[in-house]
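# What the coordinates show
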Amino acid sequence: MIGFSSGLRLLALASLGLVGLTGCFEGQISEGQEEMLSDQPFAYVVRDYPDMGETASVNARPPLDPRAPYAFKPGAKLMVRDRIALSSDERHVLAGYFGGDYDVKDLDVSPDGERMVFAAHGPADSPDNFTWNIFEYTFATGEVRRIFEDDLVANAGEDTNPTYTNEGRIIFSSSRQHSRGDWQKLDLREYLEDFDEPASLLHSVKPDGSELVQITFGAFHDIEPSTMNDGHVVFIRFGRIYETLTDCTLENIDDPNFNQHPHGGGYGQGNGGGFPSGLEDPKEWTVEDKCSASLAGEVEGERVFVEDVLSMYRITPAGGNVHRYFGSLSEEFSDASFIHYMDPIPLDDGNLLTTMRHIYNPIYGGDVVKINSKNFFAVGKPVDESVIGEAEESMTPGLVNFYPNQVSPNGWYSAVAPYNDGSARLLASWAQCLTTDGTTSTPCEGSATTENLGEPRYGIWMVDPIENTRLPVVQGHKQALYTDIVIADRNELAEPYTGERHDLQLEDNTALFEIRSIYDMDGADMAELYDGGIETRRDPSLTRPDDRSERFIRVVGVRQIPPELEQAILTDEILNPPDGPQPPLGLTPLVGSGNRILYDVLSYAMVEPDGSAMVKVPADTNFSFEVVNKYGKRVDLIAAPDYNYNYLMQHPQPLRLEEGEKLKCYGCHDPEVDIPHARTDVELASANPGAPGDGMPFPNANPQIRAVKWKDTMAQALVDSLQGLQATWADTMHFEDFWTNPPDPSLAFEVRYSGLTTPKPVTDPSCLTNWTADCKATINYQEHIQPIWRECRINPNTGNTTSCQNCHTAAEQGGKPCPGDSGSGASNGLLLGDGHASWDGRQLESYVELFEPDYYIRETETGDWVEVDKTNLDTECPDGIQGDMTVLPDPGVCFARRLMSGRGAIASARFFTLFDDDPDDDEYEVETAETDAIRQSHMGMLTEAELRLIAEWLDTGAHIYNDPDKFEFPTQ
């Protein structure tokens, strides 16, 4: 955040006394300039300087700190003027609304320029506005109204930072975390642990207060959103990074008031001269500096250094595709780290305007800076080598210095609003830097720290960066601080969000997701290590389809547990008793051993030989995706030592596309690589070379398929060649060989839900004959998996009719007899009965049995695996137990064996190797003397459709319910 260059000449300032300061201007006002000042209404917030207070603690946040969105400092006033001119009258908008000292901030104007939305907090004793609430003001009528009319709804959270979307909704940041239910009954919200406060996350609502939805999630403060002309919403995300220090000594660990450390490595303005004199060479922090500002770690001898990170993120107005837009997650820590962006404002050229200031500067001012976000990922990180210029550019005359008690001869700026009329003009709050001897004030000179700084007086000025002038608009007064400015102008460039559009003939309510190569990791070819690279992988003469485990992209819908249901389960006295002999089950009755996300299976698409794919997805649906093998199992769990694609886990962030939209992805990304990688407006480096030329086939591939353009992927070329998309909805998992020269039809296969003789996992039966984008496959254990265990089928080994339950049900339960094979009672201790467990009537017998360890093994010195006495594990396993179906354990430890793993289908090898010949899970299967015989007795017992369904269920969390409407509470 350093190295600004304005390229503007510094104007000489005459000496000014305290009395006349606010009426001064630079240069003469011509008639033309006077006319330029008379435009449209504008609004601003004015307040007295709040006291900076004690800032020595790492968790102490000063007033007006963007990291503290809930801070309440009464005494601010919201003012409106009808025209931008020094002579215009001002109105105190909220003078009669609250009836006392209130606080107000975060102004934003609607795209039509007719309304303004803002956050306000009533007086401390207000009976109906005792939290931060969102209000709307109409310029033509002067009407003020609260967005949430009902007092209980309005005060159910701290609502701040509103912005209008180009579609007419309002996005704001809130502690209420609407997706987690009524926190006043049961608080399930995400928290910022260091501050013991709930995360402030983005929500969307209609202006009438209806259709409230939460659109960001996590233990962050997502604040200061603004809507760009293309409909995207840019915002600031505040989080923390914790660095463990092991080299700190008693000599370089300072006392708790570490902001006085002589190295200048502190968090408060008490550093005084410890701060550098300017931004030309900010001090990089040494290990000693970090040690002095560190906290005691949990392990003796360790210290923890806390780094605050504020990066700009971007999201669609519906909550899709949240991604880091500008800024680093691991900048070199220095004194400049306390200089933060305040309220990024989109400009007409697609870049951003912001006020940057040092959060511990008691003058509360900084500089107005343009962020070249179109051409830079972060400071010093251009989007490509051809970019010239700087990521940050000062928009004001001369150099502004930022540090506490530091002289800044060109003054400070505390708020800004662009005219956005093509003139580059700004409306900004500016204060001149003055020194005083107690009676006379003179303009500052130089940049050294001084004890003689006079009290600045902010006013609102028109700043013209091109003409290098400032003209007064609102006179300042002693202790006046302007923190927000907006201009009520119509934004002719504002458009509803649409994203990039595809040109394929797809079903209604459908969008397109395109991956350039799953073998690409931040531009590196991940196939090079063991498989010869993408060029070998895509060559059908060198790599056959069955040589690749990565065969399909599976799209899954992701949903939150309904908050009312989650709270009801957690407070149910049978499922989660507050005391008594039975332990609480948490959310286990709903999600079993899986995570909290509920899933639907939505669609499949083939992964082409070069790792590319084109996938259709339902529009307006939160989805994720994962790479699976030909058996429908997620490949990131493959544990073969020569497998290099374990990064292909389910996409961690949900995506969301509008109808007809196309989202392009270059490949996969290492979270440790500190470059924003999901920006759709930037061309990234690609490891996939693509087609060798326009109209050319791929090397040694089917010559009938030709790329239209150089560097097209195989997925693009196939769509162009077939004039259609081969992706399927969830009812069918289909593979066909298009690329072998000539294509091999014997490699084709298809697995459909219609092949199930048990209940199909579709919410609407018509979907099996007419699948549309509104259809989805939702798998519930009791409804779709349990029936497989009781389904009668032909035993291929005996020719008799039997079922899983015939052999895996306690004798006293009877099971489901099938003609010709009465079964042999409970086998190997595995019980697959339909009822509740005898040891705990709140749990399902078969579900628990599938995931519980039923025996333990240990490798002997001769390399054999032997079962150990599970009643005496402390003696049998002195070196411990490795659990949950990992790969081979460390020497000397025991291995827990269970039939299924909540981690996924590949890790559930002990189950699947009984029924299929999938080599991808071989590393998870440990052979014992009985293993082969058990496999022989089970092989062929389950169908391909059943095995696919079980794999999907395991890979999506192994939940008891993915459809929460099917959940039933126990009655006793």
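Now for a quick tour of the structure. (Residues numbered from 1 in each chain as written. Predicted model: local features only at pLDDT ≥ 70, side-chain atom pairs only at ≥ 80, totals over all residues. Heavy atoms only, no water.)

## With respect to the overall build of the protein chain
Our working rule: By the criteria applied, helices consist of DSSP H or I runs no shorter than four residues and strands consist of E runs no shorter than two, each listed in order from the N terminus. Buried means the residue's accessible area, taken with a 1.4 Å probe over protein chains only, is under 20% of the maximum for its type, while exposed means over 50%, and partly exposed covers the values in between. Note on definitions: a residue-residue contact is assigned when non-hydrogen atoms from the two residues lie within 4.5 Å. To measure how exposed things are, a 1.4 Å probe is used in the Shrake-Rupley method; for residues, cover is taken only from the protein chains shown.
When its secondary structure is counted, the protein chain shows 15 helices and 50 strands. Evaluated residue by residue, the protein chain yields a buried proportion of 56% over its 972 residues. Restricting to contacts in the protein chain with at least 6 residues of sequence separation, those with at least 24 account for 66%. Entry remark: accessible area of the protein chain is about 39,800 Å², with carbon and sulfur atoms responsible for 49%.

## Thoughts on the state of the cysteines
To be explicit about the condition: Throughout, disulfides are identified as pairs of cysteine sulfur atoms within 2.5 Å of each other.
Inspection of the entire model under this criterion finds four disulfides. Here C248 pairs with C291 through a disulfide, and the sulfurs are 2.0 Å apart. Residues C248 and C291 are joined through a disulfide that is left-handed, its torsion about the S-S bond being -85 degrees. A residue pair is termed long-range when its members are at least 10 positions apart, and C248 in the loop between β15 (233-245) and α3 (287-292) and C291 in helix α3 qualify at 43 residues. Among the residues examined, C291 registers a relative accessible area of 0% and is labelled buried. Here C877 pairs with C894 through a disulfide, and the sulfurs are 2.0 Å apart. The S-S bond linking C877 to C894 shows a torsion near -95 degrees; that makes this disulfide left-handed. With C877 in the loop between α12 (873-876) and β49 (881-882) and C894 in strand β50 (residues 894-897), this residue pair connects regions lying 17 residues apart in the sequence.

## Details of unusual backbone geometry
The peptide bond linking N741 to P742 adopts the cis configuration, its omega dihedral lying at 0 degrees. Within the fold, P742 resides in the loop between β41 (732-735) and β42 (749-752). The phi dihedral of L64 is positive, around 60 degrees, even though this residue is not glycine. Relative to the elements of secondary structure, L64 occurs in the loop between β1 (42-48) and β2 (77-81). The phi torsion at N321 lies on the positive side, around 55 degrees, for a residue other than glycine. Within the element layout of this structure, N321 appears in the loop between β17 (303-315) and β18 (323-326).

## Some thoughts on the sheet that holds strand β47 (residues 855-859)
Selection rule: Strand pairing requires that DSSP identify at least two bridges connecting the strands.
Overall, mixed pairing links the four strands, which are arranged β48-β47-β50-β49 in an open sheet. The open sheet has two edge strands with one neighbour each: β48 (865-868) and β49. Where β49 meets β50, two bridges bridge the pair, whose relative direction is parallel. Pairing of Q882 across the sheet is with F895, part of β50.

## What to know about the sheet that holds strand β5 (residues 115-121)
Counted only if it meets this: To get an axis, fit a line to the C-alpha atoms, keeping to the stretch in contact for a helix; angles then go from 0 to 180 degrees between the N-to-C directions.
With antiparallel pairing, the four strands of this open sheet are ordered in space as β4-β5-β6-β7. Two strands in the sheet have a free side with no partner beyond their single neighbour: β4 (103-109) and β7 (144-146). Direction aside, neighbouring strands of the sheet carry axes that sit 30 degrees apart on average.

## What about the pattern of salt bridges?
What counts is decided by this rule: We define a salt bridge as a side-chain nitrogen of Lys or Arg found within 4 Å of a carboxyl oxygen belonging to Asp or Glu.
On inspection of all chains with the given rule, the structure shows 51 salt bridges. With a closest N to O distance of 3.5 Å, E566 and R180 form a salt bridge. Note that E566 is positioned in helix α6 (residues 563-571) and R180 in the loop between β9 (170-174) and β10 (191-192), a separation of 386 residues in sequence. Assessed through its relative accessible area of 12%, R180 is described here as buried. Via salt bridges that share partners, D65, R67, D194, R240 and D308 belong to a single interconnected network.

## With respect to empty space enclosed by the protein
With a probe scaled to a water molecule rolled over the atoms, the places where space remains empty come into view. Heads up, the condition is: A cavity here means a set of 1 Å grid points, computed over protein atoms only, where a 1.4 Å probe fits but cannot escape. A pocket is an open set with protein on both sides within 12 Å along at least 5 of 7 lines, and lining residues have an atom within 4 Å of a point. Grid points are joined across faces, edges and corners, and a volume is the space filled by probe spheres set on the points. Put simply, Ala, Val, Leu, Ile, Met, Phe, Trp, Tyr, Cys and Pro go in the nonpolar bin, Asp, Glu, Lys and Arg in the charged bin, and everything else, Gly too, in the polar bin.
Going through the model one piece at a time under the given rule, you end up with seven cavities of 30 Å³ or more. Roughly 100 Å³ of volume is contained in the largest cavity. What lines the largest cavity is a set of 16 residues, and nearest its centre among them are P545, R548, P609, D737 and W739. By residue class, the composition of the lining of the largest cavity is eight nonpolar, two polar and six charged. Roughly 80 Å³ of internal volume is contained in the second largest cavity.

## A short note on the environment of F172
Note on placement: F172 falls in strand β9. Among the residues examined, F172 registers a relative accessible area of 0% and is labelled buried. In sequence terms F172 and A119 are 53 residues apart; their C-alpha atoms lie 9.2 Å from each other. In contact with F172, not counting residues within four places along its chain, are I134, F148, D159, T160, N161, P162, L201, L202, H203, V205 and L212.

## Let's talk about the packing of helix α9 (residues 781-790) against helix α15 (residues 944-955)
Our working rule: In this scheme, roughly parallel covers angles under 35 degrees and roughly antiparallel covers those over 145, while 65 to 115 is roughly perpendicular and the rest are oblique. Note on convention: the crossing is left-handed when the near helix lies turned anticlockwise from the far helix by less than a right angle, right-handed when the turn is clockwise.
One can describe the packing of α9 onto α15 by two numbers: an axis separation of 11 Å at closest approach and a directional angle of 140 degrees. By the criterion of interaxial angle, the relationship of α9 to α15 is oblique. The way α9 lies across α15 gives a crossing that is left-handed. Across from Y781, H784, I785, I788 and W789 in α9, the residues of α15 making contact are E946, L949, I950 and W953. Residue classes in the contact of α9 with α15 are distributed as seven nonpolar, one polar and one charged.

## A word on the side chain of Q650
Note the cut-off: Any N or O atom pair separated by 3.5 Å or less is treated as a polar contact, with the protein-specific requirement of one donor-capable and one acceptor-capable atom, and with residues adjacent in sequence counted only for side-chain atom pairs.
When you line up the elements, Q650 lands in the loop between β38 (623-628) and β39 (662-665). Accessibility expressed as a relative area gives 18% for Q650, which makes it buried. In terms of polar contacts, Q650 uses its side chain to reach the side chain of Y599, at 3.3 Å. Apart from residues no more than four positions distant in its own chain, Q650 is found in contact with V556, Y599, S624, F625, E626 and R634.

## Digging into the packing of aromatic side chains
Note the following rule: Pairing of aromatic side chains requires ring centres within 6.5 Å, counting the rings of Phe and Tyr and the six-membered ring of Trp. Pairs whose planes differ by under 30 degrees are stacked, by over 60 edge-to-face, and all others tilted. Note on geometry: a ring has a charge over it if NZ (lysine) or CZ (arginine) is within 6 Å of the ring centre and within 35 degrees of the ring normal.
Taken as a whole, this structure holds 35 aromatic pairs when the rule is applied. Centroid distance F552 to Y604: 6.0 Å. Interplanar angle 85 degrees. Geometry classified as edge-to-face. A residue pair is termed long-range when its members are at least 10 positions apart, and F552 in strand β35 (residues 552-559) and Y604 in strand β36 (residues 598-606) qualify at 52 residues. The burial state of F552 is the same as that of Y604; both residues are buried. Ring geometry for F735 and F749: centres 5.7 Å apart, planes at 20 degrees, overall stacked. On the criterion of sequence distance, the pair formed by F735 in strand β41 and F749 in strand β42 is long-range, its members being 14 residues apart. Pairwise contacts between aromatic rings join Y97, F98, Y102, F118 and F135 into one cluster. The side chain of R189 reaches across the aromatic face of W183, ending 3.8 Å from its centre.

## Digging into the nonpolar core
Rule in force here: Take the buried residues of types Ala, Val, Leu, Ile, Met, Phe, Trp, Tyr and Cys, join any two whose side-chain atoms come within 4.5 Å, and each joined set is a nonpolar core.
Judged by nonpolar contacts, the single largest core of 71 residues is most densely connected at W789, F911, I950 and W953. Tallying contributions element by element places α15 first for this core, with seven residues. Beyond its immediate sequence surroundings of up to four residues, W789 is in contact with Y781, S803, C804, Q805, L832, S846, L850, M900, F911 and I950. If you look at the next biggest cluster of nonpolar residues, it comprises 53 residues, including Y44, A428, W430 and W461.

## Here we look at the pairing of β48
Inspection of the sheet shows β47 paired to β48 by four bridges, in the antiparallel sense. In the strand pairing of β48, Y856 is matched with V868. The hairpin formed by β47 and β48 contains five residues between the paired strands, and G863 there has a positive phi angle of roughly 90 degrees.

## Focus on the environment of W789
Mapped onto the fold, W789 is located in helix α9. Counting along the chain gives 20 residues from W789 to T809, while the straight-line C-alpha distance between them is 10.0 Å. Engagement of the side chain of W789 in a polar contact is seen with the side chain of Y781, the distance being 3.0 Å.

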